[in-house]
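Descriptive structure summary
So the chains spell out like this:
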Amino acid sequence: MTDAAPGILSADEVDRIRNDFPILHREVNGSPLVYLDTGATSQSPNSVVEAEQEFYEQRNAAVHRGAHTLAAEATDYFEQARERVARFVGAADDEIVWTSNATEALNLVAYSVGNASLGRGGPEADRFRIGPGDEIVVTEMEHHANLIPWQELAARTGATLKFIPIGDDGTLRLDVATDLIGPATRILAFAHVSNVLGTINPIGDLIRLARNSGNPFGTLVVLDACQSAPHLSINLGELDVDFAAFSAHKMLGPTGVGVLYGRSELLNAMPPFLTGGSMITVVTMDHAEFLPAPQRFEAGTQRVSQAIAFAAAVDYLDHTGMNRIHAWESALTQRAMAGLAEIPGVRILGPAPGQPRGGLVAFDTDGVHAHDVGQFLDDRGIAVRVGHHCAQPAHRRFGVTASTRASFYLYNTEAEVDVFLQAMSEVRSYFGVTGAAREGVVAR
């Protein structure tokens, strides 16, 4: 183990952190579990599990509906959770909308814009109307959750969908972005961190292009923060994005709950996406009026226990320190990349070793399908993600249909990285493949 640098977790701290995660002490296929799939779903510490259990044991009731004691307590805990998550990302309480996941959050924005384009929402929603002649700009590295909703919105409204391509080095072509984003651009949607390439996109440059687009209604900026909110210290208000989405299950929290962040004045002007109970003020047989945000977007029974557990997760991250977590992950990622770069036949996707990136590395193993690599690693207790990671265009850009992805978090160790690298050094020989890697557009 290396000594801890200032501002980075120490090996002893990581060992203590691991004690909060019982699952990390189990065995898989006869070997100690090495969990390198946080990019898909993180593990949860005891405090998160206990927060959800405590809710069910002590104050399980409907929120915002009952006048009895349990209902009042449940509502208080539910709204306190909103405050804690909002504070964690630099937002106001009324700028945090609970959703089932980030995918729902992004769809909420797309469908609300679509509803406004159909005339719903009244004059205050006119700023969201989109139609023929308007453009939606995304990037070639988007997760399908931040691509398909915009494809569908373009199909419903007649708007044109365009994309910023990826350069050979795994970063966005800002020269092309400068030409793409202009007076016709109504929406710019992009990932803060690529879930395949690990690229940390230049959010300031992209937002400046959007703010200077010249569109008379302004260009809405929608941020996919699924791979940044769990790993970077972010302040959404200071970033000057209009909307952002992230999920609890990637940041120590439970499944089934995510967040849509939106600037308050925009949320209150948008027509709702899901309708029903709990999001209305007055209902007649032919008309309804809606509550202010965030409740106007929270129809029906909410994810109460999950939201409370989510707040416990961000408390854990905040207590540990996001900058220290990021520094530790970066050290692990660079260690993994340096090791992979020495293994013949392994091609790293995304920025080269030594370049800034998120806490993940995806790679192609020449002559061995990603699923076979994943099975080989799983037989040794090492959990990674395989496939196209819900980002087929990004894989297609680099001439592969699937990749293997290892992703790291605060509870991973240098020893686990070394176990992973040792296993990877054996993959191609196990499958009877020899020879050097083919030339790659982004390689070691």
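This text follows the structure it describes.
Everything in this summary refers to the structure shown in the same document. Because the structure is a prediction, the values reported are computed rather than measured.

Thresholds, definitions, all that
Within each chain, residues carry numbers counting from 1 in the order of the written sequence. Residues qualify for local features only when their pLDDT is at least 70, as the model is predicted, and side-chain atom pairs are given and counted only at 80 or more; totals for whole chains, interfaces and linings, by contrast, use all residues. Values shown for side chains rest on all heavy atoms present in the structure; no hydrogens or waters enter the calculation. A run of H or I in DSSP becomes a helix once it reaches four residues, and a run of E becomes a strand once it reaches two; helices and strands are each numbered from the N terminus. Accessible area is worked out with a 1.4 Å probe on protein chains only. A residue is then buried under 20% of its type maximum, exposed over 50%, and partly exposed in between. Points on a 1 Å grid, built from protein atoms alone, make a cavity when a 1.4 Å probe fits but cannot get out and make a pocket when they are open with protein on both sides within 12 Å along at least 5 of 7 lines; residues with an atom within 4 Å of a point are the lining residues. Grid points are joined across faces, edges and corners, and a volume is the space filled by probe spheres set on the points. The classification used treats Ala, Val, Leu, Ile, Met, Phe, Trp, Tyr, Cys and Pro as nonpolar, Asp, Glu, Lys and Arg as charged, and all other residues, Gly among them, as polar. By disulfide we mean two sulfur atoms from cysteines, separated by a distance within 2.5 Å. What makes a nonpolar core is a set of buried Ala, Val, Leu, Ile, Met, Phe, Trp, Tyr and Cys residues whose side-chain atoms join them at distances within 4.5 Å. Whether two residues touch is decided by their heavy atoms; if any such pair falls within 4.5 Å, the residues are in contact. Pairs of N or O atoms are called polar contacts if they sit within 3.5 Å, as long as, within protein, a hydrogen donor faces a hydrogen acceptor (for residues adjacent in sequence, only side-chain-to-side-chain pairs).

Moving on, we get to unusual backbone geometry. Following Ala-293, the chain continues into Pro-294 via a peptide bond in cis, with omega recorded as 5°. Mapped onto the elements of the fold, Pro-294 is located in the loop between strand 12 (288-290) and helix 10 (304-320). With a phi angle near 75°, Leu-252 is a residue other than glycine that sits in the positive phi range. Along the chain, the position of Leu-252 falls in the loop between strand 9 (243-247) and strand 10 (258-262). Overall, the relative accessible area of 0% leaves Leu-252 in the buried class.

If a probe as big as a water molecule is rolled over the atoms, it shows which places are left empty. Applying the stated criterion to the full structure yields one cavity of 30 Å³ or more. Empty space within the largest cavity amounts to approximately 40 Å³. As for the largest cavity, its lining consists of Thr-38, Gly-39, Val-193, Gln-227, His-231, Gly-358, Gly-359, Leu-360, Ser-407 and Phe-408. Among the residues forming the lining of the largest cavity, the class breakdown is three nonpolar, seven polar and no charged.

For the coordinates displayed, the defined rule picks out zero disulfides. Here Cys-226 stays unpaired: no disulfide links it, and the sulfur of Cys-390, its closest cysteine neighbor, is 11 Å away. According to the relative accessible area criterion, Cys-390 is partly exposed, its value standing at 26%.

Within the largest apolar cluster, 108 residues are counted, with the highest numbers of intra-cluster contacts made by Phe-246, Phe-310, Leu-340, Phe-420 and Met-424. With 11 residues, helix 10 is the single largest residue contributor to this core. Setting aside residues no more than four positions away along its own chain, Met-424 makes contact with Leu-340, Ile-343, Val-346, Phe-363, Thr-365, Val-373 and Leu-377. In terms of nonpolar packing, the next biggest core, distinct from the first, is built from 34 residues, Ala-102, Val-113, Trp-150 and Val-222 among them.

With that out of the way, let us pick up the side chain of Gln-302. The topology assignment puts Gln-302 in the loop between strand 12 and helix 10. Gln-302 sits in the buried class, given a relative accessible area of 10%. A polar contact is formed between the side chain of Gln-302 and the backbone oxygen of Ala-299, at a distance of 3.3 Å. A polar contact is formed between the side chain of Gln-302 and the side chain of Arg-303, at a distance of 2.8 Å. Sequence-distant contacts of Gln-302, defined by excluding residues within four places in its chain, comprise Phe-78 and Trp-98.

This part is about the layout of surface pockets. Empty space within the largest pocket amounts to approximately 270 Å³. Lining the largest pocket are 22 residues, and of these Thr-103, His-143, Ala-145, Cys-226 and Lys-250 lie nearest its centre. Considering each element in turn, the lining of the largest pocket owes the most residues, three residues, to helix 4 (residues 102-117). Taken as a whole, the second largest pocket encloses approximately 230 Å³ of empty space. Lining the second largest pocket are 13 residues, with Arg-120, Gly-121, Pro-271, Pro-272 and Phe-290 sitting closest to its centre.

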